[in-house]
Amino acid sequence: MNKYLEVSSEVKAALEAGKPVVALESTIISHGMPYPQNVETALLVERTIRDNGAVPATVAIIGGRLKAGLSEAEIEYLGKKGRGVAKASRRDLPVLVAKGMDGATTVTTTMIIAAMAGIRVFATGGIGGVHRGAETTMDISADLEELAQTPVMVICAGAKSILDLGLTLEYLETKGVPVIGYGTEELPAFYTRRSGFKVDYRLDSPEELAAAFRAKLEMGLRGGMLVTNPIPEEYSMDPEVIGAAIDKAVREAKEQGIHGKETTPFLLARIKDITGGDSLASNIQLVLNNARLAARTAAALSR
Ligand code: PSU
Ligand code: MN
C-alpha cells in the first residue's frame, strides 16, 4: 500500500476478510447534484450497498490523502463545498497530493484509488466519454483511458447523450474495453433505457458479470470492464423531453465557450435546471439501482 493511500478501518477489515466492497465516486456528490440532495443520495447509496451485502467505500482526496471509505462528516463536507472542491482527474493527483488539497474523484480517479486499495467493483451514475463535436475540440474524457488500463469493473447507467455515444463505443472498442449490457442488448442512455446503439454482450446476472471480470483478471488482460445497467422503467424519462433539454444545454455550452473540465459539470447543472428537477429524481434512482447490482456483483466476485 502506498503512503498516500488511506483506507478506512471498516473497508480495510472487509478487504482483508475477502468480503465484498464497492467503491463510489465523489464528483457525483460535489459536481453532479445540488446540496443537500447530493449528501442525502450519497448516504442512501451507501446504505443500499450495505443492505445488499457489501461494504461501501466512497472515494475522495481530503487534505492530500487518497481516501477509500469516508465518514458521514466527510461526505457532508464535500457535499456542502460542492463545486468549490476541485474536480480531480488523473492529471490532478500529483499537485493535489503534494499540496495537501481536497479533490472530488471522477470515474478515472475513483478507479485509480480503488485499484490501489484492492477494490474491484465500482458503482456510479454515468461515465464521461467522447463529447459531441470532439472531431474539432478533442474533448474525450480521461474515463475512457482509465477503463483501458485499470482493473476495476464500473457499473453505470450508460452515458448521457451530452456525449456522442457512437464515438464513445468506437473508442472503447479500440481500447479493448468490454461493454456489457445488464439484461439488455442496447446501450442505455442514462435517463432512458435505449440509445439505438448495441453493446458488445448482454449478461443477465451478477454471477455472469463476476465470471467475465474474473476471466479478464486471470488472463492478465489490462484494464476494466464497463457494465451498463438500464434505469428502471418506472423512473425513465420521456426521450423527447430529455433530448430537447440536452440539446439546449449543449448549445448553451458552445455559445458560452465552456470548455475543458467545466464542460460536463456545466451540462449536468443546466439539464437539471431546464427539466425543473425531474432529471434529478431519475438520476438518484438509477444510482441506487447501480449500487444494488454492484453490491451483488462484488458478493459474487468474492465467492
Ligand atoms: N456524467 C454524468 N454524471 C457525472 C459525471 C459524468 O452523467 O457525475 C462526472 C463523473 O465523475 C465522470 C466525470 O467521471 O463527470 C467526467 O468528466 P469529464 O467529462 O470532464 O471527463
Ligand atoms: Mn473533457
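Structural notes, computed from the coordinates. Keep in mind it's a predicted model, so treat the numbers as computed, not measured. Every chain is numbered independently, its residues counted from 1 as its sequence is written. Going through the entries in the order they are written, you letter the chains from A and number the ligands from 1. Confidence filtering applies because this is a predicted model: local features only for residues at pLDDT of at least 70, side-chain atom pairs given and counted only at 80 or more, and all residues used for totals across whole chains, interfaces and linings. Note that water and hydrogens are dropped before the side-chain values are worked out from all heavy atoms of the structure.

Counting from the N terminus, the helices are DSSP H or I runs at least four residues long and the strands are E runs at least two residues long. Of the regular secondary structure elements, the protein chain holds 13 helices and 11 strands. Based on C-alpha atoms, the radius of gyration is set beside the globule rule, defined as 2.2 Å times the residue count to the power 0.38. Its C-alpha atoms give the protein chain a radius of gyration of 18 Å, within 12% of the compact-globule value 19 Å for 303 residues. Its C-alpha atoms give the protein chain principal-axis dimensions of about 50 × 40 × 35 Å. Only protein chains enter the calculation, and the probe is 1.4 Å; a residue is then buried if its accessible area is under 20% of its type maximum, exposed if over 50%, and partly exposed in between. When the 303 residues of the protein chain are sorted by exposure, 55% land in the buried category. For the protein chain, the exposed surface amounts to about 12,900 Å²; the carbon and sulfur share of it is 52%. Here the open area of atoms and residues is found with the Shrake-Rupley method and a 1.4 Å probe, where only the protein chains shown may cover a residue.

In the vicinity of ligand 1 lie 13 residues, with Glu 25, Lys 87, Ser 141, Lys 160 and Thr 264 positioned nearest. A distance of 2.2 Å separates an oxygen atom of ligand 1 from a polar side-chain atom of Lys 160. For the shell around ligand 1, the per-class residue count stands at 3 nonpolar, 6 polar and 4 charged. Whether a residue is near a molecule or strand depends on its heavy atoms: if one lies within 4 Å, it is near. Definition of a polar contact: a pair of N or O atoms within 3.5 Å, with one able to donate and the other able to accept a hydrogen when the atoms are protein atoms, and with sequence-neighbouring residues admitted only if both atoms are side-chain atoms. When residues are grouped by polarity, Ala, Val, Leu, Ile, Met, Phe, Trp, Tyr, Cys and Pro land in nonpolar, Asp, Glu, Lys and Arg in charged, and all others, Gly among them, in polar.

Orientation is described by lines fitted to C-alpha atoms, with helices fitted over the stretch in contact, and by angles between N-to-C directions that extend from 0 to 180 degrees. Their axes nearest at 9 Å, the elements helix H3 (residues 37-51) and helix H13 (residues 278-302) cross at an angle of 25°. Taken together, the axes of H3 and H13 lie roughly parallel to each other. Like other packed secondary-structure pairs, H3 and H13 cross with a definite hand, here right-handed. Of the residues in H13, those in contact with Gln 37, Thr 41, Leu 44, Val 45, Thr 48 and Ile 49 of H3 are Leu 280, Ile 284, Val 287, Leu 288, Ala 291, Arg 292 and Ala 295. Here the contact of H3 with H13 is built from residues that sort into 9 nonpolar, 3 polar and 1 charged. We call two directions roughly parallel when the angle between them is under 35 degrees, roughly antiparallel when it is over 145, roughly perpendicular when it lies between 65 and 115, and oblique otherwise. Each crossing is labelled by how the near helix is turned from the far one, with a counterclockwise turn of less than a right angle marking it left-handed and a clockwise turn marking it right-handed. What makes two residues a contact is simply this: any of their non-hydrogen atoms within 4.5 Å.

Those residues of helix H4 (residues 72-81) that fall on the buried side of the exposure criterion are Glu 74, Ile 75, Leu 78 and Gly 79. One side of H4 holds all its buried residues, which, seen down the axis, span an arc of 135°. For H4, the exposed residues lying more than 90 degrees away from the buried face are Glu 72, Ala 73 and Lys 80. Structurally, H4 contributes buried residues whose contacts are with helix H2 (27-30), H3, strand E3 (55-62) and strand E4 (65-68). Count one or two residues on from H4 and you reach Gly 82, which has phi positive near 50°. What the arc describes is the spread of directions from the helix axis to the C-beta atoms.

Turning our eyes to something else, we now look at the packing of aromatic side chains. Each aromatic pair joins two rings of Phe, Tyr and Trp (for Trp, the six-membered one) with centres within 6.5 Å, and gets the label stacked for planes under 30 degrees apart, edge-to-face for over 60, and tilted for any other angle. Scanning the entire structure with this criterion turns up 1 aromatic pair. Both rings, one in Phe 190 and one in Tyr 191, keep their centres 4.8 Å apart while their planes meet at 80°; by these two values the pair is edge-to-face. Here Phe 190 and Tyr 191 have matching classes, each one buried.

Before going further, it helps to spend a moment on the environment of Thr 108. Summarising the element assignment, Thr 108 is placed in helix H6 (residues 107-117). Note: C-alpha distance between Thr 108 and Val 85 (23 residues apart in sequence) is 16 Å.

Core analysis: the biggest nonpolar cluster contains 99 residues, and Ile 119, Ile 127, Leu 226 and Val 227 have the highest contact counts within it. Per-element accounting of this core gives the leading share, 12 residues, to H13. Here, nonpolar core means buried Ala, Val, Leu, Ile, Met, Phe, Trp, Tyr and Cys residues that are tied together by side-chain atoms lying within 4.5 Å of each other.

With respect to the helices, strands and loops of the structure, Lys 67 is situated in strand E4. Overall, Lys 67 belongs to the buried group, its relative accessible area being 12%. The residues touching Lys 67, leaving out its near neighbours within four places in the chain, are Glu 6, Thr 58, Val 59, Ala 60, Ile 62, Glu 74 and Ile 113. Reaching out from Lys 67, the side chain makes a polar contact with the side chain of Glu 74 at a distance of 2.9 Å.

A word on the pattern of salt bridges. Should a side-chain nitrogen of Lys or Arg be within 4 Å of a carboxyl oxygen of Asp or Glu, the pair is scored as a salt bridge. A complete count under the given rule lists 21 salt bridges for this structure. With its nearest N and O atoms 2.9 Å apart, the salt bridge here joins Arg 202 to Asp 204. What makes Arg 202 partly exposed here is its relative accessible area of 39%. Beyond isolated ion pairs, a larger network of salt bridges with shared partners links Lys 248, Glu 252, Arg 270, Lys 272 and Asp 273.

Here we take up the side chain of Glu 146. Along the chain, Glu 146 turns up in helix H8 (residues 142-149). At 2.8 Å, the side chain of Glu 146 forms a polar contact with the side chain of Arg 90. Excluding residues within four positions of it along the chain, Glu 146 makes contact with Arg 90, Thr 108, Met 111 and Ile 112.

Attention shifts here to the packing of H6 against H8. Two numbers describe how H6 lies on H8: the axes approach to 8 Å, and their chain directions differ by 25°. Classified by the interaxial angle, the pair formed by H6 and H8 is roughly parallel. Listed contacts from H8 to Val 107, Thr 108, Met 111 and Ile 112 of H6 are Ala 142, Asp 143, Glu 146 and Leu 147. Its residues assigned to classes, the contact of H6 with H8 shows 5 nonpolar, 1 polar and 2 charged.

Before going further, it helps to examine the pairing of strand E2 (residues 21-24). Of the two faces of E2, the one lined by Val 21 and Ala 23 and the one lined by Val 22 and Leu 24 are each fully buried. Note: E2 against E3, 4 bridges, orientation parallel. By the bridge assignment for E3, Val 21 is matched with Val 55. For two strands to be treated as a pair, DSSP must find at least two bridges joining them. Bridge count between E2 and strand E7 (residues 121-123): 3 bridges; the pairing is parallel. Bridge pairing in E7 places Val 22 opposite Val 121.

Keep in mind these numbers describe shape, not what the thing actually does.
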